[in-house]
Amino acid sequence: MADRLGWIDRRRLLQLLGVTGGALAANLPSRVFAQARKNTLVLGIDISDTITLDPARLAQYTSPMTVSAAYDSLVTMKPGDYINLSPSLATKWARTPDGKGWRFTLREGVKFSTGNPMTVEDVKWSFDRIINLGDQPSQYIANVDRVEIVDKSTIDIILKQPAEPLLTIIAAPEFVVLERKVAEANGASAAKDAKTADKAAQWINTNSCGTGAYRIAAWERNQQIQLVRNEHYWGGKPPFERIVIRHISDGAAQLLAVRRGDIDAAFNLIPEQIASLKGDANVRLAPLASLDFVYMALTQEPEFNKALAVKEARQAIGYAIDYDGIIKSMLGGAALRPAHFLPIGVSGSTEEIARQIGFKQDLARAKDLLAKAGFKDGFEFEISYGNAAVQGVTYQDLGLKIQSDLARVGIKVNLRPLDQVNLRTEYTTGKSKGGVLTFWNPPAVENQLWAAAVVQRVAKRVHWTTPEDIVKLVSQAATEADPKKQAELWVEWQKQAVDQANHFVLFQPVYQIAVRNTVKDFPLTAAGWMLDLHDVTPSAS
């Protein structure tokens with residue numbers, strides 16, 4: 001690729017980095033050393049679901065990885081440890097003297113990417129903006145009553161229900177600190193009317209004003225995201241000058257790119273592609289037992305589909321799906337399957353519990369339930385999904401598999417692919433008229449968030465009016481201090497959610513990510529943002 005003098009021409013470098021726009025080209029000389037490639041980390045991943053990089057509006061699967069590189073939260077979680085919290089912008093925390101909230105002591109000497117110092121006012125303003133914008137992240141902290149400044153280095157977060165969890169929730173990249181002055185200059189608002197007054201979304205999508213190791217320099221939807229080093233980062237000099245996240249939706253294209261060295265890591269390979277890398281001296285596999293899962297949601301709105309309005313008909317769908325076939329044949333066995341919205345590995349969710357209370361394929365039982373529902377000859381409904389892939393498996397292929405499974409009991413499925421933005425809008429506004437194939441990744445590692453979502457906003461999407469006793473059960477489990485009793489309560493909650501049959505978890509992936517040996521440290525995490533980009537380091541060679 002390079003001539004004998006060690007030069008690589010400008011056009012070829014841009015091809016390697018996947019750059020189509022002029023943002024990067026404007027910063028490069030006409031000829032650059034091939035060595036410059038070592039200062040850039042290039043990732044290949046399907047980022048078609050990224051529809052915003054605004055932390056206060058975050059709700060997708062791949063975007064948290066970018067946001068967590070550009071911004072910092074008060075506390076965080078280290079890869080592999082999803083119980084003990086670690087300091088970030090706060091160095092210590094404790095209950096407020098009255099016990100109604102949490103008091104945080106802020107780290108000294110933190111600067112934003114502009115070089116301006118972070119203040120306690122920036123912290124309060126950032127939380128106020130999340131709350132007043134009223135987007136999905138605000139629902140995660142609905143228990144926050146107010147945020148109060150104590151002094152120039154101390155802030156209190158006061159809760160409505162003090163016993164309910166907070167720290168595990170605000171470790172997520174939704175709850176980060178923005179530089180107020182810069183954000184407001186570009187249309188942001190934290191006022192009570194922020195829902196309509198805030199006009200910063202477009203600017204924040206292609207820029208950032210955080211304290212993270214990198215700052216967002218550009219985003220071209222379905223093409224790439226570019227980050228550049230934050231020279232003022234409080235955690236030391238970031239190892240890369242630039243990070244390029246290339247949108248490569250096809251696993252075969254990712255495989256070719258990682259083999260050739262055009263990218264440093266490939267995220268969306270199918271089992272056959274992963275197997276083909278064994279013995280490749282230049283590439284290693286980095287496993288990640290995730291807390292994510294892919295699921296199908298079913299509406300029960302009778303105006304959309306009379307059959308789906310009947311619980312027994314929905315349960316019949318649950319017993320007709322070949323879950324083992326999905327995991328073994330489509331994922332090469334690299335997945336688990338929880339009973340419901342609590343992934344394997346958290347309180348009250350184990351593989352044994354899932355086997356006891358979750359759905360499993362039983363065609364005879366499915367047919368009996370159809371007869372009980374009044375649809376002994378089956379019925380027809382549609383499944384919508386995005387043009388994307390998870391762990392190398394496309395939603396299209398997953399839809400075809402479910403279509404085939406349900407046909408065995410007389411249920412006809414019509415597949416309806418959509419753009420990710422349109423799918424999300426339709427689903428979150430409760431307009432999906434049948435089933436929806438989508439994913440769930442944790443905004444934070446906290447059972448209450450998964451369970452509360454099911455009985456609140458996700459219930460609204462499928463037109464389920466949740467019984468009060470199920471809502472109370474979530475709160476009871478979340479505030480139970482005894483671990484054994486808490487686990488039992490979470491099991492009981494899952495039983496009731498499974499019986500309702502609005503949501504079917506299809507698999508919880510164990511990711512196999514191909515990483516070139518030009519990368520030394522590659523800290524994957526299941527905490528909700530997939531990869532700690534600020535701690536990825538190049539190899540010495």
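Residues numbered from 1 in each chain as written. Predicted model: local features only at pLDDT ≥ 70, side-chain atom pairs only at ≥ 80, totals over all residues. Heavy atoms only, no water.

> So what exactly am I meant to see when it comes to the environment of Glu480 here?
Looking at where Glu480 falls in the secondary structure, it is placed in the loop between helix H18 (468-479) and helix H19 (483-500). For Glu480, a relative accessible area of 26% corresponds to the partly exposed category. Along the primary structure Glu480 and Glu164 are separated by 316 residues, whereas in three dimensions their C-alpha atoms are 9.2 Å apart. In contact with Glu480, not counting residues within four places along its chain, are Lys485, Gln486 and Leu489. (Helix = DSSP H or I, 4+ residues; strand = E, 2+ residues; numbered from the N terminus. Buried < 20%, exposed > 50% of the residue type's maximum accessible area, 1.4 Å probe, protein only. Contact = heavy atoms within 4.5 Å.)

> Please clarify how unusual backbone geometry should be interpreted in this entry.
Trans is the prevailing form of peptide bonds, just as negative phi is the prevailing case for residues other than glycine. The backbone phi angle of Asn222 is positive, close to 60 degrees, even though this residue is not glycine. Note on Asn222: relative accessible area 32%, which makes it partly exposed. Positive phi, close to 70 degrees, is recorded for Met530, a residue that is not glycine. Structurally, Met530 can be placed in the loop between strand E23 (519-521) and strand E24 (537-538). Here Met530 falls in the buried class, since its relative accessible area comes to 8%.

> Looking at this structure, I do not really get the nonpolar core. What am I missing?
Most often, soluble globular proteins keep nonpolar side chains buried together rather than apart. Counting 166 residues, the largest nonpolar core has Phe104, Ile317, Trp493 and Phe522 as its most contacted members. Residue contacts for Phe104: discarding those within four places in its chain leaves Leu74, Val75, Ala90, Lys92, Trp93, Ser153, Thr154, Ile155, Ile157, Leu166, Leu167 and Ile170. By size, the runner-up hydrophobic cluster in this structure holds 13 residues, among which are Val258, Ile263, Leu269 and Leu277. (Core = buried A, V, L, I, M, F, W, Y, C linked by side-chain atoms within 4.5 Å.)

> Could you clarify how one ought to interpret the environment of Ile402 in this entry?
Position of Ile402 relative to the elements: it lies in helix H14 (residues 395-407). Separated by 85 residues in sequence, Ile402 and Ile317 have C-alpha atoms that sit 9.3 Å apart. Discounting chain neighbours no more than four positions away, the residues touching Ile402 are Met296, Ile383, Leu437 and Leu506.

> Is there a simple way to think about the packing of aromatic side chains in this case?
The geometry of an aromatic ring pair comes down to the distance between the two centres and the angle between the two planes. The final tally for this structure, using the stated rule, is 14 aromatic pairs. Pairing Phe293 with Phe341 gives two aromatic rings, centres 4.9 Å apart and planes at 65 degrees, and the pair type is edge-to-face. You can see Phe293 sitting in strand E15 (residues 293-298) and its partner Phe341 sitting in the loop between strand E16 (335-336) and helix H12 (351-357), a full 48 residues away along the chain. Of the residues examined, Phe293 reaches a relative accessible area of 1% and is grouped as buried. The class for Phe341 is buried, based on a relative accessible area of 0%. (Phe/Tyr/Trp six-rings, centres within 6.5 Å; stacked < 30°, edge-to-face > 60°.)

> What is the right way to look at the confidence of the model for the protein in this model?
Parts of the model with low pLDDT should not have their predicted coordinates read in detail. Mean pLDDT for the protein: 91, with 93% of residues reaching 70 or above. Predicted confidence for residues 1-36 stays below pLDDT 50, and this span has 52 contacts to residues more than four positions away or in other chains. (pLDDT = per-residue confidence, 0-100.)

> Explanation requested: helix H8 (residues 251-260) in the structure shown.
For an α-helix, 3.6 residues make a turn, and residues three or four places apart therefore share a direction. Among all positions of H8, only Gly251, Gln254, Leu255, Ala257 and Val258 are buried. The buried residues of H8 occupy an angular sector of 170 degrees when projected down its axis, which confines them to one face. In this structure Asp250 caps H8, since a side-chain oxygen of it lies 3.2 Å from the backbone nitrogen of Ala252. Once H8 finishes, Gly261 follows within two positions and takes phi at roughly 90 degrees, a positive value. (Arc of directions from axis to C-beta. Polar contact = N/O pair within 3.5 Å; in protein donor to acceptor, adjacent residues only side chain to side chain.)

> How should the side chain of Ser68 be read in this particular structure?
Here Ser68 shows up in helix H2 (residues 63-70). In this structure Ser68 comes out as buried when scored by relative accessible area, which is 11%. Within the structure, Ser68 has its side chain in polar contact with the backbone oxygen of Met65 (distance 3.0 Å). If we skip the residues at most four places from it in the chain, Ser68 touches Pro173, Trp529, Leu531 and His534.

> Any chance you could explain the environment of Ile149 here in plain terms?
Residue position: Ile149 is located in strand E8 (residues 144-151). Note on Ile149: relative accessible area 36%, which makes it partly exposed. As a C-alpha pair, Ile149 and Glu121 span 28 residues in sequence and 7.5 Å in three-dimensional space. What Ile149 contacts, discounting residues up to four positions off in sequence, is Val120, Glu121, Lys124, Thr154 and Ile155.

> Help me understand the pattern of salt bridges, please; the structure alone is not making it clear to me.
Pairing between side chains becomes possible if they bear opposite charge and their charged atoms approach one another. Per the counting criterion, the structure on display carries 19 salt bridges. A salt bridge links Arg146 to Glu148; the nearest nitrogen and oxygen atoms lie 2.5 Å apart. Relative accessible area serves as the criterion here: at 36%, Arg146 is assigned to the partly exposed category. In this structure, the salt-bridge partner of Arg221 is Asp419, at a minimum N-O distance of 3.7 Å. Placement of the pair is Arg221 in the loop between strand E10 (214-220) and strand E11 (224-229) and Asp419 in the loop between strand E20 (412-418) and helix H15 (420-428), with a sequence separation of 198 residues. With relative accessibility at 30%, the residue Arg221 sits in the partly exposed group. By relative accessible area, Asp419 is classed as partly exposed at 31%. Three or more residues joined by partner-sharing salt bridges are found here, namely Asp54, Arg57, Arg129 and Asp198. (Salt bridge = Lys/Arg side-chain N within 4 Å of Asp/Glu carboxyl O.)

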